[in-house]
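Examination of the molecular architecture
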Amino acid sequence: MKTVQIGKVNFGEGKPKICIPIMGSTFVELEKEIEALKELPFDMIEWRMDFFKDIFNSNKKREAVNMIRKRLNDTVLLATFRTSKEGGQTYICKEDYVLLYKEIIDLKLVDIIDVELFTGEKEVKEILDYAHKHNVYVIMSNHDFKKTLTYEQIIDRLCSMQEYDADICKIALMPQNKEDVLTLLKATKDMTEKYADRPIVSMSMSKKGLISRIAGEVFGSCLTFGSASKASAPGQINARELDTILEIIHHSI
């Protein structure tokens, strides 16, 4: 399995990298969230564009991403518009989804974008081709906040993301019981060992799935999400505590 080097961060090598989401709805809120990142350990910042109330205003969007890039210097920056059907804050039609990502790519300020697998085959290919043409990496993702898929479905969806040529493949599922968490972990392990030719990210959400957020190095997930103040998904823990746990596991295996 190949690794993916983005800036100074090598995804798929060593302990899982830590990503902290910022979810301000206004320019001022984003500034406060970035200020709160000081002293916290992280490898990547995710700008959750669906939280930003002026995301469809070209000037405000440009102003926001310029500020984020300036404040974060050379930190790897992931731009994500999580759609409402996959747990996001804002509805967006397919056409606007494609346009939004093209506009973000054109600003040349983000390193990587998140594209949802089930956006539509035509739209996914269009965004992916545009991103790669402009030297922007792509995490392809699928989220289910209601249930955990079967083992076979998890493998199938991650393999589909590879077939699209996403740089990193991500799946996040909601467990109903401990068996669901084990299903996710086994699928992650087998995907990594048998099928993956690029880094993958997996997580079982909520308190039930917490183990999946800290055991990525054991089972094969290259990235985990921690929080600075508020979490963007159920089960996220503070980035400082997360880093401590990851270090303990890294030096024990």
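As the structure is a computational prediction, the values presented were derived from the model and not from experiment. (Residues numbered from 1 in each chain as written. Predicted model: local features only at pLDDT ≥ 70, side-chain atom pairs only at ≥ 80, totals over all residues. Heavy atoms only, no water.)

On to the packing of aromatic side chains. Tallied over the entire structure, the rule returns 3 aromatic pairs. Ring geometry for tryptophan 47 against phenylalanine 52: centres 5.9 Å apart, planes inclined by 65°, an arrangement best described as edge-to-face. As far as burial versus exposure is concerned, tryptophan 47 and phenylalanine 52 are alike and both buried. Ring centres 5.1 Å apart and planes at 80° place the aromatic pair tyrosine 97 and tyrosine 101 in the edge-to-face group. Placement of the pair is tyrosine 97 and tyrosine 101 together in helix H3 (residues 94-106), with a separation of 4 residues, close to one helical turn. (Phe/Tyr/Trp six-rings, centres within 6.5 Å; stacked < 30°, edge-to-face > 60°. Buried < 20%, exposed > 50% of the residue type's maximum accessible area, 1.4 Å probe, protein only. Helix = DSSP H or I, 4+ residues; strand = E, 2+ residues; numbered from the N terminus.)

Let us now look at the pairing of strand S3 (residues 17-22). Burial within S3 is extensive, with 6 of its 6 residues counted as buried. Covered by surrounding structure in S3 are Lys17, Cys19 and Pro21 together with Ile18, Ile20 and Ile22, the residues of both alternating faces. Pairing geometry for S3 and strand S10 (residues 223-227), over 3 bridges, is parallel. Bridging across to S10, cysteine 19 finds its partner in phenylalanine 225. In this sheet, strand S4 (residues 44-48) lies alongside S3 in parallel orientation, the contact comprising 4 bridges. Among the inter-strand pairings, isoleucine 20 is bridged to a residue of S4, identified as isoleucine 45. Read from S3 through helix H1 (residues 27-35) to S4, the crossover connection turns out right-handed. (Pairing = 2+ DSSP bridges. Right-handed = clockwise from strand over helix to strand, strands pointing away.)

Right, let's get into the pairing of strand S7 (residues 137-144). Within S7, 7 of the 8 residues are buried, which leaves it mostly tucked inside the rest of the structure. Handedness of the crossover joining strand S6 (residues 112-116) and S7 through helix H4 (residues 121-133) is recorded here as right-handed. Two elements, S7 and strand S8 (residues 168-173), share 6 bridges in a ladder whose sense is parallel. Following the sheet pairing, methionine 140 is matched in S8 by cysteine 169. With helix H5 (residues 151-163) bridging S7 and its parallel neighbour S8, the resulting β-α-β unit is right-handed.

Everything listed is a geometric property; what it means functionally is a separate question.
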